[in-house]
Each structure stands twice: as C-alpha cells, then as structure tokens.
Amino acid sequence: MSPGETWNRNGDKSILQVFDIETGEAKILKEFDCVIEAPNWSADGTFLTYNSNGRIYKFEIATGEVTEIESHYVDNCNNDHVLDPDGSGIYVSHHTKEDGLSRIYKIYFDGREPRLVTPLAPSYLHGITPDGKTLAYCAERNGSYDIYTISAAGGNETRLTTAFGLNDGPEYDCNGEYIWFNSERSGRMQAFCMKADGSEQTQMTHDLHWNTWFPHISPDCQKVVMVAYTETDVRPGEHVPNKNVELRLMRRANPADSWSVPETILKLFGGQGTINVNSWAPDSRRFAFVSYIHGDNPSK
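Every chain is numbered on its own, with residues counted from 1 as its sequence reads. It should be noted that, the model being predicted, local features are given only for residues of pLDDT at least 70 and side-chain atom pairs only at 80 or more, the latter also being counted only at that level, while totals for whole chains, interfaces and linings use all residues. Only hydrogens and water are set aside; all other atoms, that is, all heavy atoms of the structure, feed into the side-chain values.

*Asks:* I would appreciate a short explanation of the overall build of the protein in the present structure.
*Replies:* A count of helices and strands for the protein gives one helix and 24 strands. The globule rule used here is 2.2 Å times the number of residues to the 0.38 power, and the radius of gyration it is set against is calculated over C-alpha atoms. For the protein, whose C-alpha radius of gyration is 18 Å, the value lies close to the compact-globule estimate of 19 Å for 300 residues. The C-alpha extent of the protein, read off along each of the three principal axes, is 50 × 45 × 40 Å. Scored against the burial criterion, the 300 residues of the protein give a buried share of 55%. When checking whether two residues touch, look at their non-hydrogen atoms; a contact exists if any pair is within 4.5 Å. Sequence-distant contacts in the protein: of pairs separated by 6 or more residues, those separated by 24 or more amount to 44%. Here the Shrake-Rupley method, with its probe set to 1.4 Å, supplies the accessible areas, and only the displayed protein chains count as covering residues. Approximately 12600 Å² of the protein is accessible, and the part contributed by carbon and sulfur atoms is 47%. Each helix corresponds to a stretch of at least 4 residues labelled H or I by DSSP, and each strand to a stretch of at least 2 residues labelled E; elements are numbered beginning at the N terminus. To sort residues, take the accessible area from a 1.4 Å probe on protein chains only and compare it with the maximum for the residue type: under 20% means buried, over 50% means exposed, and anything in between is partly exposed.

*Asks:* Could you clarify how one ought to interpret the packing of aromatic side chains in this entry?
*Replies:* Given two aromatic rings, one states the distance between the centres and the angle between the planes to describe the pair. When two rings of Phe, Tyr or Trp (its six-membered ring) have centres within 6.5 Å they constitute a pair, described as stacked for plane angles under 30 degrees, edge-to-face for angles over 60, and tilted for the intermediate range. One pass over the structure, following the stated rule, counts eleven aromatic pairs. Between the aromatic rings of Tyr-137 and Tyr-148, the centroid separation amounts to 6.2 Å while the plane-to-plane angle is 20°, which identifies the pairing as stacked. With Tyr-137 in strand β12 (residues 134-141) and Tyr-148 in strand β13 (residues 144-151), this residue pair connects regions lying eleven residues apart in the sequence. Just as Tyr-137 is buried, Tyr-148 falls in that class too. The structure contains a cluster of three or more aromatic residues connected by ring pairs, namely Phe-19, Trp-280, Phe-287 and Phe-289.

*Asks:* Can you walk me through the sheet that holds strand β9 (residues 102-108) in this structure?
*Replies:* For sheets, the rule is that strands pair by backbone hydrogen bonds, running either parallel or antiparallel. We treat two strands as partners when DSSP finds at least two bridges between them. With antiparallel pairing, the four strands of this open sheet are ordered in space as β7-β8-β9-β10. Both outer strands of the open sheet, β7 (77-83) and β10 (115-116), are each paired with one neighbouring strand and no more. Where β9 and β10 come together, two bridges link them in antiparallel fashion. Its bridge partner lying in β10, Tyr-105 is registered against Leu-116.

*Asks:* I'm lost on the pairing of strand β2 (residues 25-32) in this one. Help?
*Replies:* Consecutive residues of a regular strand have side chains that alternate between opposite faces of the sheet. Here seven bridges tie strand β1 (residues 13-20) to β2, and the two strands are oriented antiparallel to one another. Bridging from a neighbouring strand, Val-18 pairs with Lys-27 of β2. Remark: four residues form the turn of the hairpin made by β1 and β2, two consecutive strands paired antiparallel; Gly-24 in that turn has positive phi of roughly 75°.

*Asks:* For this particular structure, what's the right way to read the nonpolar core?
*Replies:* Nonpolar side chains in soluble globular proteins tend to end up buried together. What is meant by a nonpolar core is a set of buried Ala, Val, Leu, Ile, Met, Phe, Trp, Tyr and Cys residues, joined one to another through side-chain atoms within 4.5 Å. Of all hydrophobic cores here, the largest spans 22 residues; its most connected members are Leu-247, Ile-265, Phe-287 and Phe-289. Excluding residues that lie within four positions of it along the chain, Phe-289 makes contacts with Ile-15, Leu-16, Gln-17, Val-18, Phe-19, Ala-26, Pro-39, Leu-247, Leu-266, Leu-268, Thr-274 and Ile-275. The next biggest cluster of nonpolar side chains, apart from the first, holds 15 residues, and it includes Leu-16, Phe-32, Val-35 and Tyr-57.

And the structure:
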C-alpha cells in the first residue's frame, strides 16, 4: 500500500481476540465496525479496556457488554494507556485542545473529573509500577524521544534513556525492578530491558530483518510478547497500521536471568493498535490483541 493508504483506516473493522499460549488458539471476543486499539486486561480478570475514536471503553468479558468510560473533556485519547492497579481508573494519553499534543491524564471509573499528570508534551504512557505510584512513558523533549518516569501524583519527570533514535514502550515488570522497552539504537527497532533507575540497559532481541515493538512482560515475569514488522514494510521508528505482522513470544530460561529466542506464535493483519500496551491476563497464560480487516478488502 501507499503511505496514504496505509494510514487510511476509514471502513476498517476490528476483531478483539484472546490468545492462549498453552493451546496456541485465538478466541474471538467481538467484531467491531470501527477501529478499536490496544486492549488492557483488568487486574481482577473481569474486563478489558480499549480506545476508539478518542474515547476509552470497557468490555465485560463474561457478558460482552461494552460501556464508555466517562472522561469528560479527555476525549481525544490515543492507544497509550494503562489501568491503575488499585482498580480506581485508567491513565491515558490525551491530545489536548490547546496544541494537539499528547499529555497523560488519569480518568476515574466513578466519573469524577480527570487529573493531569504530565503538563509537558508530547508524552505517551506505557507503564505503571505494581504499587501504582510511578508511571513510565515515552516523551519528546528538545527533539529527542526518550523514556521518562514520573510520580503518578505528578511532579518532576526523570529521564532514563539518552541513546540515539527512538526509545519507546516502557513497561515495569511484576516486581517494579526492571523496565522493558523498545529502541532503534542498534539500527533496527529491538526489545531492551533495564533496571528501573535506567541502569544496565540490555538488548534482548537481535532480529536482523525485523523491527520489534512493544515487549509486554507477563504478570508472572516469565514471558514477553511483542509485535514484529518486516524490514521492508516499515522504517525502524515506525509502527503503522494495515501491515502483515507477527506476534512473538520469549520465555524465561535457565539460568533465571536469561531468555529464549523469540518464537512466532501468530501471524495477522494489524500493527498499530494490535498490542500497543500490556494486555496480559492475570493468569499469564492469555493476552488480548486486535486484528483488522482493511476497508472493503476481506482478504486483509
């Protein structure tokens, strides 16, 4: 497709699914006649959240019921959002009206007014510590996209990366000790891991012909799922929609601090919106994702 066609999502349909890594089966939860993106799985396992047309929605797994989460003026959310572990709401990345740039807000399930966390922009949220006290996000400051952390209550931000190119997708592990992220510093977009203070930044994937995005660590810290684009489809710093992509899985190996080589577990039509944020179920066996049908073309 031409670049314009790649980003034309008019008429696209979305298929919300759950993949079971033990059986290798994907189960369809619901099909949508619009673009939905980036499911998060609740800590109690009862619902998923996703964004669509700037709003955040809740999908009840048992019933299939869909409800819009009241977000007041926070109505232009992108696909970078994470649930608060205490169950009170969801932190979102919202393009504010004054300049169109993404800032992080918290919206509450009880309907109270949203709360701004990052006055500086653009900021794209990806991770939260298990205690809910610290957020990790990708931000552009002075022309450089790097990984930052900030107190969930707001305040001063801390820069963790300075490497060349785009550093994105930071997520805390289940203990809050490490942050997984992706970076193009090696020439291709690859998965990395570092300590929560930004030290010991280590490359975890070494795919010569693929660009690997959004490594998502499971709640038991034993597995990582990620999305990969072929080198011919995207530049290293791009994660676009309407592409044939692969979902890949790494498992913790012996010794305990080593990891297996990523294996392809699913091929699908998607990319942007498929798994931009962590979507593991609490059981660490399943994760949610979105595939797409492009326009009127049933073959995609």
